Amino acid sequence: MRKTVELYRASFGQIKNLRAVTLSAMLLALSVILGYFTIEAGPFLKIGLSSLVNAFVCFLFGPVLGAFYEGVLDIIKFVIKPTGPFFPGFTLNAVLAGMIYGTVLYNRPLSFRRVLLAESLVALLINCGLNTLWISLLYGKGFFVILPMRLLKNAVQCPVNSLIFTLIVKKLENSGILRDIRRIAGR
């Protein structure tokens, strides 16, 4: 419990770090751009890579700045390219996803298992649980009708995203770029 409190305190300090907030804003812009390359495989199923950038922000700056980043990103994405009515539940989901990624990944040794744990928690609790519930409520579709498709998509995408994220961050680490990013961000 004490380590978790310290983790959140350290992450809260990142909100006061202008460099961290600025780098987060640049990564937010990258995430928005990558969002334009999302594949819509049906009305309730989207596949994209912008979530990797979002997880990277949470990895770098923790659950507090990560949650704030995810919430702001959700609103900005809606303003730029609305794909339906605005619903605060989706923004809440984004904030919770940022907290999960940040809690599991921030200031901890990076490993495929740790990334897979974060991805799995977000996939199960947020993507398959809450997102499916919100879609069901908004569009009048049966929760258990759309759940199997979403479970399958997340079961496939979760290990793939985890592997891609781990490989990219390890490459950044081995090349020294991650160290430079942290230095630029004042970490």
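Residues numbered from 1 in each chain as written. Predicted model: local features only at pLDDT ≥ 70, side-chain atom pairs only at ≥ 80, totals over all residues. Heavy atoms only, no water.

Colleague: Before we move on, can you summarise the pattern of salt bridges with the specific residues and values?
Modeller: Enumeration over the complete set of coordinates arrives at three salt bridges. For Glu 6, the salt bridge is made with Arg 2, and the minimal N-O distance between the two is 3.5 Å. Of this pair, Glu 6 and Arg 2 both sit in helix H1 (residues 2-15), four residues apart, which is roughly one turn of the helix. Between Asp 180 and Arg 179 there is a salt bridge, with the nearest N and O atoms lying 3.9 Å from each other. Here the salt bridges share partners, and the residues they tie into one network are Arg 179, Asp 180 and Arg 183. (Salt bridge = Lys/Arg side-chain N within 4 Å of Asp/Glu carboxyl O. Helix = DSSP H or I, 4+ residues; strand = E, 2+ residues; numbered from the N terminus.)

Colleague: Give me the packing of aromatic side chains: which residues, what numbers.
Modeller: Taken as a whole and judged by the stated rule, the model has six aromatic pairs. When the centroid spacing of 6.1 Å and the interplanar angle of 85 degrees are considered together, the rings of Phe 59 and Phe 165 count as edge-to-face. Taken together, the positions of Phe 59 in helix H3 (residues 50-80) and Phe 165 in helix H6 (residues 143-175) put the pair 106 residues apart, joining distant regions of the chain. Plain terms: the ring middles of Phe 143 and Phe 144 are 5.0 Å apart, the flat faces sit at 80 degrees to each other, and that makes the pair edge-to-face. Given a relative accessible area of 67%, Phe 144 falls into the exposed group. The rings of Phe 56, Phe 59 and Phe 165 are connected pair by pair, giving a single aromatic cluster. (Phe/Tyr/Trp six-rings, centres within 6.5 Å; stacked < 30°, edge-to-face > 60°. Buried < 20%, exposed > 50% of the residue type's maximum accessible area, 1.4 Å probe, protein only.)

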